[in-house]
Amino acid sequence: MKSTLIEPRIHDDLAEFYTLWRDACLGKKASESEEVKFLLDIFASSSKIKTIIDLGGSAGIHAIPLVKHGFDVTLLDKSKIALNIAKRSCSQLKLVNESFEAINLNQNFDSSICMMSSHTYLLDNIDRELFYDWVKKYTNDLVVFDQLNIHRLPKSYSDNCQAEDRHFLFNVLREWHFEEDLLHTSFVYEFIDKASEATKIINDAQVQRFLSIEELIKYMGKQWRVVALLGDFNLKQAFDQENSPRMIAVFKRVSSKQTQILT
Ligand SMILES: C[S@@+](CC[C@H](N)C(=O)[O-])C[C@H]1O[C@@H](n2cnc3c(N)ncnc32)[C@H](O)[C@@H]1O
């Protein structure tokens, strides 16, 4: 039976506020520049990377800077609103409005990246198989999967986080709990308009299925090898289940020249 799909509004009609949400959830402002530097370090380990697909790339947090670094970048996301925001800021970006579970793009890319747990929104095994089969078939050389390290999370918890931009103060109350292997999170967003001090409260929710490294390796199959398993956006920070904020797996196609990029 298919799991009930909850579409988080922050990726849909609230996508305009995605950067604020991201800053609040990560507890750092504009960490994407550090993440892009990290991706550039990964791509530097291969002479082949010219074309990149950002899978679940939202409004182009990574895709737009990568275009500016000279890569030919395609942004795939199921959110039309996020893609329109990305297009407004970067006309060279190629856009694909598709879902991972119904991906129908017949084009190869030197690298596929999937950042900030985008692949964890796939809740069903059949959908995941289809998605990872596509990634394996259509990626020439390197794949990066980045997700939160959930091993550090208590089984249920709530917290408050904040972010701000020029226009808004943004407070988020998060509550999450695990039901078997699904992480359910509910959000209460409070937007405070800095100019008028008007406040708006909006509820949101999401469900995610995080993968262990063993599961990712299984989905990626024998033609792909993990060349780095990292705990943060830093090639020197190996993944440590107890302490790392993230789990970032870098896969390389086995037929490519093998290099270990974790220094
Ligand atoms: C948490 S955001 C990550 C965005 C970006 N990669 C980043 O690093 O900030 C997840 C993104 O994945 C997209 N997404 C979620 N499920 C998807 C699916 N099944 N197919 C395509 N895109 C999906 C959402 O629309 C959203 O833009």
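Above this text sits the structure in question.
Quick summary incoming for the structure in this document. Owing to the predicted nature of the structure, the values given are computational and were not obtained by experimental measurement.

### Thoughts on the packing of helix 5 (residues 125–138) against helix 6 (residues 213–220)
Then comes step 1: Viewed as axis vectors pointing N to C, helix 5 and helix 6 meet at an angle of 60°, and their least axial separation amounts to 9 Å. Here helix 5 is positioned oblique relative to helix 6, judged by the angle of their axes. Here helix 5 contributes Asn 125, Arg 128, Glu 129, Tyr 132, Val 135 and Lys 136 to the contact with helix 6, which in turn contributes Leu 216, Tyr 219 and Met 220.
Then comes step 2: Classifying every residue of the contact of helix 5 with helix 6 gives five nonpolar, one polar and three charged.

### A word on the pairing of strand 7 (residues 168–179)
Then comes step 1: Here strand 7 shows one buried face, formed by Phe 168, Phe 170, Val 172, Arg 174, Trp 176 and Phe 178, and one open face, formed by Leu 169, Asn 171, Leu 173, Glu 175, His 177 and Glu 179.
Then comes step 2: In this structure, the hairpin formed by strand 6 (residues 156–164) and strand 7 is closed by a connection of three residues.
Then comes step 3: Taken together, the 12 bridges between strand 7 and strand 8 (residues 182–193) define a ladder with antiparallel strand orientation. Bridge pairing in strand 8 links Phe 178 to Leu 183.

### Section: the site of the ligand
Then comes step 1: Surrounding the ligand, one finds 18 residues, the nearest of these being Tyr 18, Arg 22, Gly 56, Asp 77 and Glu 101.
Then comes step 2: A distance of 2.6 Å is found between an oxygen atom of the ligand and a side-chain nitrogen or oxygen belonging to Tyr 18.
Then comes step 3: In this structure, a nitrogen atom belonging to the ligand sits 2.9 Å away from a main-chain N or O atom of Gly 56.
Then comes step 4: About the coverage of the ligand: the protein hides 98% of its 600 Å² of free accessible area.

What counts and how
- Residues numbered from 1 in each chain as written.
- Predicted model: local features only at pLDDT ≥ 70, side-chain atom pairs only at ≥ 80, totals over all residues.
- Heavy atoms only, no water.
- Axes fitted to C-alpha atoms, helices over the stretch in contact; angles between N-to-C directions.
- Helix = DSSP H or I, 4+ residues; strand = E, 2+ residues; numbered from the N terminus.
- Parallel < 35°, antiparallel > 145°, perpendicular 65-115°, else oblique.
- Contact = heavy atoms within 4.5 Å.
- Nonpolar A, V, L, I, M, F, W, Y, C, P; charged D, E, K, R; others polar.
- Buried < 20%, exposed > 50% of the residue type's maximum accessible area, 1.4 Å probe, protein only.
- Pairing = 2+ DSSP bridges.
- Near = heavy atom within 4 Å.
- Polar contact = N/O pair within 3.5 Å; in protein donor to acceptor, adjacent residues only side chain to side chain.
- Areas by Shrake-Rupley, 256 points an atom, 1.4 Å probe, with all protein chains shown as cover.

Shape descriptors only; they carry no functional weight alone.
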